[in-house]
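Residue-level listing of the chains:
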Amino acid sequence: NAGVTQTPKFQVLKTGQSMTLQCAQDMNHEYMSWYRQDPGMGLRLIHYSVGAGITDQGEVPNGYNVSRSTTEDFPLRLLSAAPSQTSVYFCASSYRRGGFYEQFFGPGTRLTVL
Amino acid sequence: AQSVSQHNHHVILSEAASLELGCNYSYGGTVNLFWYVQYPGQHLQLLLKYFSGDPLVKGIKGFEAEFIKSKFSFNLRKPSVQWSDTAEYFCAVKGSQGNLIFGKGTKLSVKP
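A brief structural summary. (Residues numbered from 1 in each chain as written. Chains lettered and ligands numbered in written order. Predicted model: local features only at pLDDT ≥ 70, side-chain atom pairs only at ≥ 80, totals over all residues. Heavy atoms only, no water.)

## Observations concerning the side chain of S73 of chain B
- Mapping S73 of chain B onto the fold places it in strand β9 (residues 73-78).
- Setting aside anything within four residues of it in sequence, one finds S73 of chain B in contact with C23, N24, Y25, E66, F67 and I68 of chain B. (Helix = DSSP H or I, 4+ residues; strand = E, 2+ residues; numbered from the N terminus. Contact = heavy atoms within 4.5 Å.)

As C-alpha cells, this is what we get:
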C-alpha cells in the first residue's frame, strides 16, 4: 500500500492564481480530510469528507473547495490564491473502528503564495 | 467548543533527561486522544492513542501517556530522551466531525 499520497510536494503561486492539491489513498478509507499547518497554530481542519459524494466544512474553509467523486481521491482547490494561504497542507484518511477514527497523514504540500 | 491545550511551546533537554509534555483537553463526552510526532521536514506520525481501557498507554519509541479523566489531561512521558527525539509533538482529540483537534504543538530540542 502506498498509503496517503499528495502532489505536488512544493508549489509557488502568485496572488490570484488557482490550483489543485491532489490527495489519494489506497486503503479504502471512508473518511478523508485536509488540514493546514501554520507555525504556532498546530493543524487546523479545512474540509472533510465522510464518503464519496459527501463533503463538509471544517474550521477554516474560506478560499478552498473540495469534491469527493471517488473513495480514493480528495482534491483541494484554491480558487484565487492569497498570501494568507501560504502554509503546509496535509491530507489525511481514516477508517472507523468501533467509533474510533485512526488517521493516516500524507507527506504534505508546502505552498507559498507571493 | 472542543479544544486542546499544550502548555509548553519549546522544551530543551539534555540526552538521558526525562520528558513530560502536558496536554489538556476540553470535551465532556467519550474521548479519543492521540499524540503525534513530526520530525523535521516530515509528516505526522502516530506515537500513541487512547480510546478506552487502561489509562496508561504505551506507544512507539519508549513513549507513554496517562489519561487522567478528572484532570482532563493526557500527558506524554519518556524516561530518557535521545537526540533523535528532537521533533515537534502534537496532542489531539477526536472531534465531533470525526476529525482531529490539535494542540499548537510543543517543540522538543534534545542536546547531545
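## What to know about the layout of surface pockets
- The computed volume of the largest pocket comes to approximately 610 Å³.
- For the largest pocket, the lining is made up of 28 residues, of which Q37 and R110 of chain A together with Q38, G41 and Q42 of chain B are closest to its centre.
- Taken together, the elements giving at least two residues each to the lining of the largest pocket come down to β4 (31-38), β9 (87-97) and β11 (109-113) of chain A together with β10 (87-94) and β12 (106-111) of chain B.
- Of the residues belonging to the lining of the largest pocket, the class tally is 11 nonpolar, 11 polar and six charged.
- One number sums up the size of the second largest pocket: a volume of about 330 Å³.
- Residue lining of the second largest pocket: 20 residues in total, with L43, R44 and E59 of chain A together with I101 and F102 of chain B positioned closest to the centre.
- Counting residues per element, the ones that place at least two in the lining of the second largest pocket are β5 (42-51) of chain A together with β1 (3-6) and β11 (100-102) of chain B.
- Among the elements that take part in the lining of the second largest pocket, β1 of chain B stands out by supplying four residues, more than any other. (1 Å grid on protein atoms, 1.4 Å probe; cavity = no way out; pocket = protein on both sides within 12 Å on 5 of 7 lines; lining within 4 Å. Points joined across faces, edges and corners; volume = space filled by probe spheres on them. Nonpolar A, V, L, I, M, F, W, Y, C, P; charged D, E, K, R; others polar.)

## Digging into the pairing of strand β6 (residues 54-57) of chain A
Residues and elements named next belong to chain A.
- Where β5 lies against β6, three bridges are found, and the strand directions are antiparallel. Across the sheet, Y48 pairs through a bridge with D56, a residue of β6.
- From the end of β5 to the start of β6, which pair antiparallel, there are two residues, and G53 there has a positive phi angle of about 85°. (Pairing = 2+ DSSP bridges.)

## A few points about the interface of chain A and chain B
- Counting residues at the interface gives 20 residues for chain A, matched by 19 residues for chain B.
- Of the roughly 1,700 Å² buried between chain A and chain B, counting both surfaces, carbon and sulfur atoms make up 60%.
- Counting the contacts that link chain A with chain B gives zero salt bridges.
- Between the two partners, chain A and chain B, sit four residue pairs in polar contact (both at pLDDT 80 or more).
- For the side of chain A that touches chain B, the elements supplying multiple residues, two or more each, are β4, β5, β9 and β10 (100-105) of chain A.
- When residues of the side of chain A that touches chain B are assigned to their parent elements, the largest contribution, five residues, is made by β10 of chain A. (Buried area = accessible area lost by both parts, 1.4 Å probe. Salt bridge = Lys/Arg side-chain N within 4 Å of Asp/Glu carboxyl O. Polar contact = N/O pair within 3.5 Å; in protein donor to acceptor, adjacent residues only side chain to side chain.)

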